[in-house]
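# Observations on chain architecture
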Amino acid sequence: MDTKILIVDDEALLVKGLKYSLEQDGYDIDVAYDGLEAYDRFKKENYDLILLDLMLPGIDGLEVCQKIREKSQVPIIMLTAKGEDINKILGLEYGADDYMTKPFNILELKARIKAILRRVNQRETRIGEQIIQLDNFTINTLGRKVTVRGQDINLTAKEFDLLLLLASNPGKVFTREELLEIIWGYEYFGDLRTVDVHIRRLREKIEKNSNQAEYILTKWGVGYYFRTKA
């Protein structure tokens, strides 16, 4: 079955070039030119990955990303002409797995697509069910479900992968560089705040008080780790 990708951008020439280039690699490509069309296509089709522009007619990419995240963990790479840090961080805050600033290198984009899809395929082919439990905290690796104090927690794909890595290695401190390499699957060119944003989002979702973390702890000057059992 072909890998299906949705390209969402209002720049017709860019969409045409991306569509042609990705189809040469064997991907099945759909396109949308505004936010409303993109969300409508998402509701009707099952996509393996979405390339989503930030600035769109109708509803913008951030809102589209947020609406998709309410229903799906499909990987999303945010494409944006805006290079300001705040827009990159906003994309991650709204649930994007990755972002690239225009103009971008098509070979780098393809590498990132392959890395994300490879990681998704690897986790989907795992056999067996593993339960990680600590006090009122439970991770079901097969169902990719997280329950904290009896409440189901809705995580994005990257948030779940990050949490699973930390929880599977309690007490082990991971640097931000290590987390980028392991979870994102390629070299992130120096933007370590990607990890910080995801850690903050995780804490907001699973901790009683995100400012006084109980599960995901910080080793100051080093990185992050998951608490060990008492």
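No experiment lies behind these values; they were computed from the predicted model shown. (Residues numbered from 1 in each chain as written. Predicted model: local features only at pLDDT ≥ 70, side-chain atom pairs only at ≥ 80, totals over all residues. Heavy atoms only, no water.)

### Observations regarding the packing of aromatic side chains
Two aromatic rings, taken as a pair, are described by how far apart their centres are and by the angle between their planes. The condition that has to hold: Here a pair means two rings of Phe, Tyr or Trp (six-membered ring of Trp) with centres within 6.5 Å. Their orientation is stacked below 30 degrees between planes, edge-to-face above 60, and tilted elsewhere. Runs of H or I in DSSP of at least four residues are treated as helices and runs of E of at least two as strands, each being numbered from the N terminus. The rule is simple: take the accessible area with a 1.4 Å probe, protein chains only, and divide by the maximum for that residue type; under 20% is buried, over 50% is exposed, in between is partly exposed. Our definition puts a charge over a ring when NZ of Lys or CZ of Arg is within 6 Å of the ring centre and also within 35 degrees of the ring normal.
Tallied over the full model, the rule gives 4 aromatic pairs. Measuring from ring centre to ring centre gives 5.8 Å for Tyr-39 and Phe-42, while their planes differ by 25°; the resulting arrangement is stacked. Separated by 3 residues within a single helix, Tyr-39 and Phe-42 lie in helix α2 (residues 35-44), roughly one turn from each other. With respect to class, Tyr-39 is no different from Phe-42; both count as buried. Three or more aromatic residues joined by ring pairs make a cluster, and in this case those are Phe-137, Tyr-215 and Phe-226. Here Lys-67 stacks its cationic end above the ring of Tyr-39, 4.6 Å away from the centre of that ring. Sitting above the plane of the Phe-174 ring, Lys-172 keeps its charged end 5.0 Å from the centroid.

### What to know about the layout of surface pockets
Note the threshold: Lining residues are those with an atom within 4 Å of a point, where the points come from a 1 Å grid over the protein atoms alone and group into cavities, where a 1.4 Å probe fits but cannot get out, or pockets, open sets with protein on both sides within 12 Å along at least five of seven lines. Grid points are joined across faces, edges and corners, and a volume is the space filled by probe spheres set on the points. Classification used: nonpolar for Ala, Val, Leu, Ile, Met, Phe, Trp, Tyr, Cys and Pro, charged for Asp, Glu, Lys and Arg, polar for all others including Gly.
Here the second largest pocket is characterised by a volume of approximately 200 Å³. What lines the second largest pocket is a set of 14 residues, among which Arg-176, Asp-196, Thr-218, Gly-223 and Tyr-224 lie closest to the centre. Of all the elements, helix α8 (residues 193-206) adds the most residues to the lining of the second largest pocket, at 4 residues. When its residues are assigned to classes, the lining of the second largest pocket shows 4 nonpolar, 4 polar and 6 charged.

### Quick notes on the pairing of strand β8 (residues 145-148)
Spelled out, the test is: Strands are labelled as partners when DSSP assigns at least two bridges between them.
Side chains of β8 alternate between two faces, with Val-146 and Val-148 buried and Lys-145 and Thr-147 left unburied. Here 4 bridges tie strand β7 (residues 137-140) to β8, and the two strands are oriented antiparallel to one another. Paired with Thr-138 across the two strands is Thr-147, which belongs to β8. Where β7 folds back onto β8 in an antiparallel hairpin, the turn is made up of 4 residues, including Arg-144, whose phi is positive at roughly 50°. Pairing geometry for β8 and strand β9 (residues 151-153), over 3 bridges, is antiparallel. Bridge pairing in β9 places Val-146 opposite Ile-153. The hairpin turn running from β8 into β9, its antiparallel successor, is 2 residues long, and Arg-149 in that turn takes a positive phi close to 50°.

Just distances and angles here, no functional claims.
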